Amino acid sequence: MRRYDDSYKQKGLRKQLVDSLRQKGITDENVLAAINNIPRHYFLDTAFEGIAYEDRAFPIGEGQTISQPYTVAYQTQLLEVKPFEKILEIGTGSAYQACVLGELKANLFTIERQKKLFDEVKQFPFKSRYPTIRFFYGDGYEGLPTFAPFDKILITAAAPRIPPKLLAQLKIGGKMVVPVGGTEVQRMQRITKTGEDEYEEETFDNFSFVPMLSGKRS
């Protein structure tokens, strides 16, 4: 049984990470505080514990990664999370991003298409700290129409285009943050739904995500 310890050294490394994110342009102090409060090394294999607070992505299995902290902070800042908002996350992965949203008191619904990753997260004891997070095994392109509409939608994989079924599940006035583009580089976009079929699009920096795939993988 793995032990989950959070030492003074790890807390110090986390503070250094947060300071570096602030220097890179993350200004939302609530987002920075959330990252400072979450032991990122819990979400990684013990082999990575010594480097868990470097600002880079790491493999988590099934061809997926835990995003670099800057990317997590950047997307979360663009989402402009308010307490108790109903948020849909596409791509649970390690659940690190989900827990950042949980730390911000979001009422979160998160979908993972990889059954192995979904099952691992179900056994992850740290998630019990956030009772407002609900985990689903399913196809992210389909979303969760039963629970729609959502105040916000966050997509943590590269979408070749903005998924129409997810736009339909966004409430009027709601926002979606999604990296859009090919397999190498994507542009981060924020979509605001201004009417039933009306949207405003904002385009931000380039990033590199694993691709958003359809269907479920058992």
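Structural data are supplied above this passage.
Rules used throughout
- Residues numbered from 1 in each chain as written.
- Predicted model: local features only at pLDDT ≥ 70, side-chain atom pairs only at ≥ 80, totals over all residues.
- Heavy atoms only, no water.
- Helix = DSSP H or I, 4+ residues; strand = E, 2+ residues; numbered from the N terminus.
- Contact = heavy atoms within 4.5 Å.
- Polar contact = N/O pair within 3.5 Å; in protein donor to acceptor, adjacent residues only side chain to side chain.
- Core = buried A, V, L, I, M, F, W, Y, C linked by side-chain atoms within 4.5 Å.
- Buried < 20%, exposed > 50% of the residue type's maximum accessible area, 1.4 Å probe, protein only.

**Student:** Just to check I follow, could you spell out the environment of His-41 for this structure?
**Tutor:** Tracing the backbone through its elements, the reader meets His-41 in the loop between α2 (29–37) and β1 (58–61). Each C-alpha atom, one on His-41 and one on Arg-14, is 9.8 Å from the other, the two residues being 27 residues apart in sequence. With residues up to four places along the chain from it excluded, the contact list for His-41 reads Arg-2, Asp-5, Asp-6, Gln-10, Arg-14, Glu-49, Ala-52 and Tyr-53. A polar contact of 3.3 Å, which involves the side chain of His-41, links it to the side chain of Gln-10.

**Student:** Please explain the nonpolar core as it appears in this structure.
**Tutor:** Side chains of nonpolar character tend, in soluble globular proteins, to be buried together. Membership of the largest hydrophobic core comes to 46 residues, with the highest contact counts inside it found for Leu-21, Ile-35, Ile-38, Phe-43, Tyr-96, Leu-101 and Phe-126. Those elements giving two or more residues to this core turn out to be α1 (8–23), α2, β1, α3 (69–79), α4 (96–103) and α5 (115–122). For this core, the element with the most residues is α3, which contributes six residues. In this structure, Phe-150, Ile-153, Ile-155 and Leu-170 belong to the second largest nonpolar core, which totals 20 residues.

**Student:** Is there a simple way to explain α4 in this structure?
**Tutor:** The periodicity of an α-helix, 3.6 residues per turn, causes residues three or four positions apart to be oriented the same way. Counting buried residues in α4 gives eight out of eight residues, a clear majority hidden from the surface. Listed in full, the buried residues belonging to α4 are Tyr-96, Gln-97, Ala-98, Cys-99, Val-100, Leu-101, Gly-102 and Glu-103.

**Student:** Explain the environment of Gly-91 here, please?
**Tutor:** Mapped onto the elements of the fold, Gly-91 is located in the loop between β3 (86–90) and α4. Residue Gly-91 is classed as partly exposed on the basis of its relative accessible area, which comes to 26%. Separated by 20 residues in sequence, Gly-91 and Ile-111 place their C-alpha atoms 5.6 Å apart. Not counting residues within four places of it along the chain, the set of residues in contact with Gly-91 comprises Thr-110, Ile-111, Glu-112 and Thr-156.

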